[in-house]
Amino acid sequence: MIVAGLCISGCGYHFAASGDVLPQGAQTIYVKRFGNLTRVTGINDELMRYIKDEIASHRRLKVVDSPNAADLQLSGTVRLVVDAPINFNGAYEPTVYRNTVAVSAVLDDLRTNKTIWSTTRIGGGEHAPVVATNIVITTPGFLQQNLDAGDVAQLTDLQTAQSQTAAARDLMMQKLAQNLYSEMAEGF
């Protein structure tokens, strides 16, 4: 057991998002407004909120409001947003949508003017059931919502679609921000 532990620690395996690749003296980060190459207005601003929250939750770096006060700067572009139906009923009406977002990002050390990390493709996606009959009320994603089985039965199809699409989008953005932070902090 001890030998296996030493082998793993010597092979470069370590806890995710521990920030091993971030410069030792870096304490602050500025998240620059991401560009938006999609037709979805404001998706970049929405994503920026999730990214800032994710960075702050790790307490490794303090998010600041100005590049002048920052050691590091994260910037990027939202490249793709797709909300496509993936499941249909007998009348060819959509019953489930797949929400997908993809971004590119760059982390710069503002003290040395060097790029520390970059990626051209990191993404996230979630399924959103848009009719009550396709909602599985025992899934962790559903259980985190403010709805229960009785609520779903009383919603109109439009209300169901809107609530489930919003919940899926929220989860998708959270996961994307988590993946972005992990890759940035670990240098993948």
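Residues numbered from 1 in each chain as written. Predicted model: local features only at pLDDT ≥ 70, side-chain atom pairs only at ≥ 80, totals over all residues. Heavy atoms only, no water.

## Quick look at the overall build of the protein
Argument step 1. Within the protein, the secondary structure is distributed over five helices and six strands.
Argument step 2. Each helix (α) and strand (β) of the protein, taken in turn from the N terminus, gives the series α-β-β-α-β-β-β-β-α-α-α.
Argument step 3. Here the protein holds 188 residues, and the buried ones make up 37% of them.
Argument step 4. For the protein, restricting intrachain contacts to residue pairs at least 6 apart in sequence, the fraction spanning at least 24 positions comes to 70%.
Argument step 5. Within the structure as shown, the protein displays about 11100 Å² of accessible surface, and the carbon and sulfur contribution to it stands at 53%. (Helix = DSSP H or I, 4+ residues; strand = E, 2+ residues; numbered from the N terminus. Buried < 20%, exposed > 50% of the residue type's maximum accessible area, 1.4 Å probe, protein only. Contact = heavy atoms within 4.5 Å. Areas by Shrake-Rupley, 256 points an atom, 1.4 Å probe, with all protein chains shown as cover.)

## Focus: the pattern of salt bridges
Argument step 1. Evaluated as defined, the whole model comprises four salt bridges.
Argument step 2. When the shortest N-O distance is used, the salt bridge between D45 and R33 registers 2.7 Å. Taken together, the positions of D45 in helix α2 (residues 43-58) and R33 in the loop between β1 (28-31) and β2 (35-36) put the pair 12 residues apart, joining distant regions of the chain.
Argument step 3. The class of D45 is partly exposed, set by a relative accessible area of 33%. (Salt bridge = Lys/Arg side-chain N within 4 Å of Asp/Glu carboxyl O.)

## Quick notes on the packing of aromatic side chains
Argument step 1. Under the defined criterion, the tally for this structure stands at zero aromatic pairs.
Argument step 2. Positioned over the ring face of Y50 is R49, at 4.5 Å from the centre of the ring. (Phe/Tyr/Trp six-rings, centres within 6.5 Å; stacked < 30°, edge-to-face > 60°. Lys NZ or Arg CZ within 6 Å of the ring centre and 35° of its normal.)

## Quick word on unusual backbone geometry
Negative phi is the rule for most residues except glycine; trans is the rule for most peptide bonds.
Argument step 1. The backbone phi angle of R59 is positive, close to 60°, even though this residue is not glycine.
Argument step 2. Note that R59 resides in the loop between α2 and β3 (62-64).

## Some words on the side chain of S75
Argument step 1. Mapped onto the elements, S75 comes out in strand β4 (residues 72-88).
Argument step 2. Looking at S75, the relative accessible area reads 15%, which means it is buried.
Argument step 3. Excluding its chain neighbours within four sequence positions, the residues that come into contact with S75 are K32, F34, S104, A105 and V106.

## As for the environment of F34
Argument step 1. Take F34: it is sitting in the loop between β1 and β2.
Argument step 2. With residues near it in sequence (within four places) discarded, F34 still touches N44, L47, I51, L74, S75, G76, T77, S104, A105 and L180.

## Some words on the side chain of N99
Argument step 1. Structurally, N99 can be placed in strand β5 (residues 94-109).
Argument step 2. N99 gets classed as buried once you look at its relative accessible area, which sits at 2%.
Argument step 3. Residues within four places of N99 in sequence aside, it is in contact with V82, D83, G124, G125, E126, A128, T165, A168, R169 and M172.

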